[in-house]
Amino acid sequence: MLYREAGDFKTNYVADSQTFPIKFDRYGYYFLLGFAFLVMPLIINDYWANSIVVPFLIYTIAALGLNILIGYCGQLSLGTGAFMAVGAYASYKLMTAFPELNIVFVVVFAGIVTAAVGVLFGLPSLRIKGFYLAVATLAAQFFLIWLFTRQPWFYNYSPTGMISAPQRELFGVAVTGPRASAVAMYMFCLCFLVSLAWLARNLTRGTLGRQWMAIRDMDIAAEIIGVNPLMAKLTAFAVSSFFVGIAGALLFTVYLGAAEAGEAFGIDKSFLVLFMVIIGGLGSIFGAFAGAAFLIIGPVLLKLLLVNTLGWPTDLAAHLEIMIIGALILGFLILEPHGIAALWRTIKEKLRLWPFPY
Amino acid sequence: MRDIQADDGYMTADGRKIGGVAMELRNITLRFGGVVAIKDISFDIRWGEIRAIIGPNGAGKSSMLNIISGFYHPQEGDVIYKGFKRPRMRPYEISRQGIARTFQNIALFEGMSVLDNIMTGRLHHMKANLFQQAIWWGKAQREEEENRAQVEKIIDFLEIQHIRKTPVARLPYGLKKRVELARALAAEPAILLLDEPMAGMNVEEKEDMCRFILDVNDEFGTTTVLIEHDMGVVMDLSDRVVVMDYGRKIGDGTPDEVRNNDEVIKAYLGVAHE
Ligand SMILES: Nc1ncnc2c1ncn2[C@@H]1O[C@H](COP(=O)(O)OP(=O)(O)OP(=O)(O)O)[C@@H](O)[C@H]1O
Ligand SMILES: [Mg+2]
């Protein structure tokens, strides 16, 4: 009976179009935010930060970005891994060329560089769509990774071909490099995620978001009612790549510390983020969170269950883990093709009427 | 209501004011490969009038609307709009000049709510840039609110308040047609193009739609170009009618003139039609 719209009347259009129209949702959201900012820093430790929490935050950013492109604008991309690499290598070049530059700016500039590269590789979308576009982005994936592994300028001619992130501090606390604490890494990524999720929400609720969706749903009609397809698609590529680039920069600087493009940002990463978006729910901000949670937390929990609780050998568990996650993805898509977000919506709709089914 | 040249206009029997020429289609020929869809057709559209285009299936009516809205480009002929020859433009640029339309096969954005569909129709009235929208402060929020208020007026006008938040995909056919009209009206067009807005509707829905079209024209003075197969509707609604057959124009005039035109009668008797 708590979960109600009734009695919660909207008296103006701003209130009617807010993010969480139902009070209960709003309070739930404030609670989560409070928990993430106030409680988590106290209880987080190295193990949880490294195995679950930090990768979850970073991949959610990537999933938000890809969701804008695929879920909102309907442009299929398989180049996410490479765009993350662009963010990573851009942040590396910036950090080494301008050691004084604040790490926040490094990450944001890396996002901007990636946005520019994304627009460049988004140009084919003006001509081709669907699978053909996917193939074009796949070409981008291989080309960019080739560039980063074969052109020594990108890794500053280091003999190993790897890039590694020097220590950078924010308010006197190390957030990158080997001495960065779990709390610092967590808070740094959390701030980025929350700001970016807020930006994504704003961009998708307004006229730009509607133009993206119009292109997604029916591009010809969209153009006839006034959507400039060039602008709509390229802004989607830019914003999406900006997010993905920031995710790549964070993954490299904060989480991995050292990386090699082919290994850290290969095609498997493209698919990982794509799965997150599809499982979470296309065209939903919440879906990006849900999809990333499912694919980051799921395997860890499974491993804990198989290895620690059931005592299975690690390598067997690793294989099984992949199979189980794969089966879960398949089963899930068959049961609810529109992802976790749609499942959640259905539950909420039922809940709104509960306990009276009509 | 814009650009009415009073000296060039006239009053209709029911007291509406028809202005000067808004758009002139001059010697339009459109071919698809070997198929000639439109053959050397000329006619004009006056400000404030309801201009019907009728003709049997495949006559080229939809193709004509597609030319007006810039989706097709004729091989020959010119479109004169507001007194100037229109250069070749993309459809979205043409829509920006105040031309909105509905489609014969409903072309709504199925993944969006009714409200979002109609709001999309107002995109030319929203100028906030990417960064203003991203932070959702000041201009972006203000614009959204103002335009929402306009859209609510249209929602009230078309009596679709109850489905505002419904995903379009869940609506029945008749309501979809109405939402499509709402989306076109949201643009506050100078010229409104309607491609068979009543096709497939029952009598009651048709009556509603007729009333909406007349009211729009009455209240906002919107120039309307209407393709319709139902002759009763056409005769009731329109000020002037163009009759097409096999891509040619075979009649042009008031409903009465057209009804008594020999060639029109022959075309309509000779060809099986609705
Ligand atoms: N994109 C296209 N490609 C090829 N031929 C086309 C195309 N569009 C229309 N045509 C042809 O042009 C002719 C006119 O079609 P149009 O759709 O304009 O007719 P219409 O008068 O609207 O008919 P209806 O009453 O069935 O809607 C038809 O012969 C049609 O096959
Ligand atoms: Mg037609």
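Asker: Honestly, the overall build of chain B in this entry has me stumped. Any pointers?
Answerer: Within chain B, the secondary structure is distributed over ten helices and twelve strands. Expected size for 274 residues packed as a compact globule is a radius of gyration near 19 Å; at 19 Å, chain B falls within 12% of this value. Its C-alpha atoms give chain B principal-axis dimensions of about 60 × 45 × 40 Å. Burial statistics for chain B: of 274 residues in total, 55% are counted as buried. Counting only contacts in chain B whose residues sit at least 6 apart along the sequence, the fraction spanning at least 24 positions is 66%. Counting only carbon and sulfur atoms, one obtains 50% of the accessible surface of chain B, whose full area is about 12100 Å². Taking the average place of the 36 positive charges on the side chains of chain B and the average place of its 42 negative ones, the gap between the two points comes to 6 Å.

Asker: Would you mind going over the site of ligand 1 with me for this structure?
Answerer: Residue and element names in this part refer to chain B. What surrounds ligand 1 is a group of 13 residues, the closest being G58, K61, S62, S63 and Q104. In this structure, K61 approaches ligand 1 through a side-chain N or O atom, which is 2.8 Å from an oxygen atom. S63 has a polar side-chain atom sitting 2.6 Å from an oxygen atom of ligand 1. Protein contact buries 64% of the 630 Å² of open area that ligand 1 shows by itself. Ranked by residue count, the leading element in the shell around ligand 1 is helix α1 (residues 61-68), at three residues. Within the shell around ligand 1, the residues separate by chemical class into four nonpolar, seven polar and two charged.

Asker: Is there a simple way to think about the nonpolar core in this case?
Answerer: In a soluble, globular protein the nonpolar side chains are often hidden away together inside. Counting residues in each nonpolar core, the largest one holds 120 residues, and the members touching the most others are A:W212, A:F243, A:L250 and A:F265. For this core, the leading source of residues is helix α3 (residues 46-72) of chain A, giving 17 residues. Sequence-distant contacts of A:L250, that is, excluding residues within four places in its chain, are made with A:I58, A:I61, A:V107, A:F188, A:C189, A:F192 and A:Y255. Formed by 37 residues, the second largest nonpolar core is a distinct cluster that contains B:I106, B:L185, B:V233 and B:L237.

Asker: Which parts of the structure should I look at to understand the sheet that holds strand β6 (residues 76-81) of chain B?
Answerer: The pairing of strands in a sheet comes from backbone hydrogen bonds and takes either a parallel or an antiparallel form. Residues and elements named next belong to chain B. Taken in spatial order, the four strands of this open sheet run β4-β3-β6-β7, and their pairing is antiparallel. Where the open sheet ends on each side, the last strands, each with one partner, are β4 (35-46) and β7 (84-85). As paired elements, strand β3 (residues 21-32) and β6 share five bridges and run antiparallel to each other. In the sheet register, T29 faces β6, and the bridge partner there is E76.

Asker: Would you mind going over the coordination of the magnesium ion (ligand 2) with me for this structure?
Answerer: Ideal coordination angles are 109.5 degrees for a metal with four donors arranged tetrahedrally and 90 or 180 degrees for a metal with six donors arranged octahedrally. Protein-derived ligands of the magnesium ion (ligand 2) are B:S62 (OG) and B:Q104 (OE1), with the metal-ligand distances lying across 1.9 to 2.1 Å. Of this pair, B:S62 sits in helix α1 while B:Q104 sits in the loop between β8 (99-101) and α3 (114-120); the two residues are 42 residues apart in sequence, bridging distant segments of the chain.

Asker: What is the right way to look at the packing of α3(A) against helix α7 (residues 182-205) of chain A in this model?
Answerer: When two helices pack together, their arrangement is given by the angle between the helix axes and by the axis-to-axis distance. Residues and elements named next belong to chain A. The N-to-C vectors of α3 and α7 enclose an angle of 20°; their axes lie 10 Å apart at closest approach. Accordingly, the angle class assigned to the pair α3 and α7 is roughly parallel. α3 and α7 meet at a crossing whose hand is left-handed. Across the interface between the two elements, D46, A49, N50, V53, V54, L57, I58, T60, I61, L64, I68 and Y72 from α3 touch A182, M185, Y186, C189, L190, F192, L193, L196, A197, A200 and T204 from α7. Residues belonging to the contact of α3 with α7 are distributed by class as follows: 19 nonpolar, three polar and one charged.

Asker: What should I look at first to understand a nonpolar patch on the surface in this one?
Answerer: On the surface, a cluster of nonpolar side chains totalling about 750 Å² of accessible area is made up of A:F31, A:L32, A:F35, A:L38, A:V39, A:L42 and A:I43. Looking at where A:L42 falls in the secondary structure, it is placed in helix α2 (residues 23-43).

Asker: Is there a simple way to explain the packing of aromatic side chains in this structure?
Answerer: Given two aromatic rings, their pairing is described by the distance between the two centres and the angle made by the two planes. Scanning the entire structure with this criterion turns up 19 aromatic pairs over all chains. For the ring pair A:F31 and A:F35, a centre distance of 6.5 Å and an interplane angle of 25° mean the geometry is stacked. Separated by four residues within a single helix, A:F31 and A:F35 lie in helix α2, roughly one turn from each other. Of the residues examined, A:F31 reaches a relative accessible area of 59% and is grouped as exposed. Between A:F242 and A:F243 the ring centres are 6.3 Å apart and the planes differ by 70°, which places this aromatic pair in the edge-to-face class. For A:F242, a relative accessible area of 18% puts it in the buried group. By the ring-pair criterion, three or more aromatic residues cluster together here, those being A:F83, A:F121, A:F143 and A:W146. The ring of A:W153 carries A:K93 above its face, with NZ or CZ at 3.7 Å from the centroid. A cation over an aromatic ring shows up here: B:R211 above the ring of B:F212, its NZ or CZ 5.1 Å from the ring centre.

Asker: Help me understand the domain arrangement of chain B, please; the structure alone is not making it clear to me.
Answerer: Many descriptions give the size of an interface as the accessible area lost when the pieces come together. Taken domain by domain, chain B holds domain 1 (1-98 + 222-274) and domain 2 (102-188). Each of domain 1 of chain B and domain 2 of chain B has a C-alpha centre, and these two points are 27 Å apart.

Asker: Even after reading the chapter, I still don't get the sheet that holds strand β10 (residues 223-227) of chain B, so can you show me in this structure?
Answerer: Residues and elements named next belong to chain B. One open sheet accounts for six strands, arranged β8-β9-β10-β5-β11-β12; its pairing is mixed. Among the strands making up the open sheet, the edge pair consists of β8 and β12 (248-253). Taking each pair of neighbouring strands and ignoring which way they run, the sheet shows an average axis angle of 15°. Looking at chain direction, strand β11 (residues 240-245) and β12 are connected through five bridges and run antiparallel. Bridge pairing in β12 places V242 opposite D252. Along the sheet, helix α6 (residues 173-186) contacts β8 and β9 (191-195); its crossing angle with β9, the most-contacted strand, is approximately 160°.

Asker: I keep staring at the packing of helix α4 (residues 80-97) of chain A against helix α12 (residues 267-280) of chain A and nothing clicks. Help me out?
Answerer: Residues and elements named next belong to chain A. Two elements in contact, α4 and α12, have axes whose closest approach is 6 Å; the angle formed by their N-to-C orientations is 110°. Judged on the interaxial angle alone, α12 and α4 are roughly perpendicular. Across the interface between the two elements, T80, G81 and M84 from α4 touch K269, S270 and V273 from α12. Residues belonging to the contact of α4 with α12 are distributed by class as follows: two nonpolar, three polar and one charged.

Reading the values: the criteria
Residues numbered from 1 in each chain as written. Chains lettered and ligands numbered in written order. Predicted model: local features only at pLDDT ≥ 70, side-chain atom pairs only at ≥ 80, totals over all residues. Heavy atoms only, no water. Helix = DSSP H or I, 4+ residues; strand = E, 2+ residues; numbered from the N terminus. Rg over C-alpha atoms; globule rule 2.2 N^0.38 Å. Buried < 20%, exposed > 50% of the residue type's maximum accessible area, 1.4 Å probe, protein only. Contact = heavy atoms within 4.5 Å. Areas by Shrake-Rupley, 256 points an atom, 1.4 Å probe, with all protein chains shown as cover. Lys, Arg positive; Asp, Glu negative; His and termini not counted. Charge placed at Lys NZ, Arg CZ, Asp CG, Glu CD. Near = heavy atom within 4 Å. Polar contact = N/O pair within 3.5 Å; in protein donor to acceptor, adjacent residues only side chain to side chain. Nonpolar A, V, L, I, M, F, W, Y, C, P; charged D, E, K, R; others polar. Core = buried A, V, L, I, M, F, W, Y, C linked by side-chain atoms within 4.5 Å. Pairing = 2+ DSSP bridges. Donors = N, O, S within 2.8 Å, 3.2 Å for Na, K, Ca; no water. Axes fitted to C-alpha atoms, helices over the stretch in contact; angles between N-to-C directions. Parallel < 35°, antiparallel > 145°, perpendicular 65-115°, else oblique. Left-handed = near helix turned anticlockwise from the far one by under 90°. Patch = residues over 30% accessible without salt bridge, like charges linked within 9 Å, V, L, I, M, F, W, Y side chains within 5 Å. Salt bridge = Lys/Arg side-chain N within 4 Å of Asp/Glu carboxyl O. Phe/Tyr/Trp six-rings, centres within 6.5 Å; stacked < 30°, edge-to-face > 60°. Lys NZ or Arg CZ within 6 Å of the ring centre and 35° of its normal. Domains from an automatic or database assignment.

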